[in-house]
Amino acid sequence: LNWPEDVAALADALGIESFGVCGHSFGGPYVAACARQLPSRVTAAAIVAGISRVSYWKASRGMPALVRAALWAGGRTPALTRPYVALLAASTKKPELIKRGMRSMLPDSELALFEESRFDGFFESLGEMVKDGSKGAYWDARVFLGDWGFDCRDIEVPVSLFYGTADKNVPLAMGEYYQRSIPDSKAVFYQDEGHFIMYSRAREILESLIDYDA
C-alpha cells in the first residue's frame, strides 16, 4: 500500500490530477492497490493477465510445476523463493534459453509475436531488471506473496479485467478471482489466447481506460 503514494507523488510532479492505471502480469496487484488507495484520482483501472493472490484454492492451477512450487513455498516461507528468483535472473543472460522456455508456454496464436519488432525490447527489459542482481526481484516477490494489506472488495473505481483462456503463465482462475472480488468489475476472457494479450489486444485495453475518463 506504500506504492500508490509514489504514483500520486509522480502525478503531482507532472501536474496530472486524475489518471487511469494499467498493469500486466505481476503488475496486477499494484493496479489493484492504486485503485484501492486513490479512488479520487484514478478514473479507471485495467488488470491485464494480472497475477492475483495465491492463497486460495486453484489460484495457480495450470502453471508449470516449478512455478507453482515456488509460489506455494514463497507464500509460506518467502525466503524459499530466493533460489528460484536467482535462477530466473541468471537465465536472462541467455535470451535464446528464455525464448525457448516461453515458446513452450504460449498458444500458437502468440508464437508469431517473437518475430515482430515491437517485441524486441521485452527480453532487454528482463535483463535490465536484474542487471544488478536478483535482490530487487526477490523483495518484490516477498511483497506480492505476503499480506497485501487491503481487500479487493473495497475497490470503488471502475476496473476492467483482460485474460486469455490459454494463458499458462497466469491461469484464468486468477482473473476469475478478481472478477468475484472487485465490485462491478468488467471481465473480458479471450478464447484460446495467452499471456501477451497486452500486445495483441492493446487498443481494446487502452480504450477501456479512455471510456471511463472524465
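One can find the structure itself at the top, above this paragraph.
Report follows, based on the coordinates.

Each value, and the rule that gives it
Residue numbering note: each chain is counted from 1, following its sequence as written. With the structure being a predicted model, the display of local features is reserved for residues of pLDDT at least 70 and the display and counting of side-chain atom pairs for 80 or more, all residues being used for whole-chain, interface and lining totals. Hydrogens and water molecules were not included; the side-chain quantities draw on all heavy atoms of the structure. Numbering of helices and strands runs from the N terminus; a helix is a DSSP stretch of H or I covering at least four residues, while a strand is a stretch of E covering at least two. Only protein chains enter the accessibility calculation, which uses a 1.4 Å probe. A residue is then buried if its area is under 20% of the maximum for its type, exposed if over 50%, and partly exposed in between. Note on method: axes are straight lines fitted to C-alpha atoms, helices fitted across the in-contact stretch only, with angles between N-to-C directions ranging 0 to 180 degrees. Roughly parallel refers to an angle under 35 degrees, roughly antiparallel to one over 145, roughly perpendicular to one between 65 and 115, and oblique to any angle outside these ranges. Contacts between residues were defined by any pair of non-hydrogen atoms, one from each residue, lying within 4.5 Å. Residues are sorted three ways: Asp, Glu, Lys and Arg are charged, Ala, Val, Leu, Ile, Met, Phe, Trp, Tyr, Cys and Pro are nonpolar, and all the rest, Gly among them, are polar. In this analysis, strands are considered paired if DSSP registers two or more bridges between them.

**Regarding the environment of Ser125**
(1) Moving on: Note that Ser125 resides in helix α7 (residues 120-129).
(2) Moving on: A residue is classified by how much of its surface remains accessible, and Ser125, at 47% relative accessible area, is partly exposed.
(3) Moving on: In this structure, the C-alpha to C-alpha distance between Ser125 and Thr92, residues 33 residues apart in sequence, is 9.5 Å.

**What to know about unusual backbone geometry**
(1) Moving on: At Ala49, a position not held by glycine, the phi torsion is positive, near 50 degrees.
(2) Moving on: Take Ala49: its relative accessible area is 0%, and that puts it in the buried class.
(3) Moving on: Phi at Asp184 is positive, roughly 60 degrees, even though this residue is not glycine.
(4) Moving on: Following the sequence through the fold, Asp184 ends up in the loop between α9 (172-181) and β4 (186-190).

**Thoughts on the packing of helix α1 (residues 3-14) against helix α2 (residues 28-37)**
(1) Moving on: Where α1 meets α2, the closest approach of the two axes is 9 Å, and the angle between their N-to-C directions is 70 degrees. Judged on the interaxial angle alone, α2 and α1 are roughly perpendicular. In contact with Trp3, Pro4 and Val7 of α1, α2 contributes Tyr30, Ala33, Cys34 and Gln37.
(2) Moving on: Within the contact of α1 with α2, the residues separate by chemical class into 6 nonpolar, 1 polar and no charged.

**Considerations on the sheet that holds β4**
(1) Moving on: An order of β1-β2-β3-β4 is seen for the 4 strands of this open sheet, with the pairing classed as parallel. This sheet does not close on itself; its edge strands, each paired only once, are β1 (19-24) and β4. Averaged over neighbouring strand pairs, the angle between their axes works out to 15 degrees when direction is ignored.
(2) Moving on: Here 6 bridges tie β1 to strand β2 (residues 42-48), and the two strands are oriented parallel to one another. Its bridge partner lying in β2, Gly23 is registered against Ile47.
(3) Moving on: Lying on the sheet, α2 is in contact with β1 and β2; it crosses β2 at an angle near 160 degrees.
(4) Moving on: Against the sheet, helix α11 (residues 202-210) makes contact with β1, β2, β3 (159-164) and β4, and its axis sits at roughly 155 degrees relative to β2, the strand it touches most.

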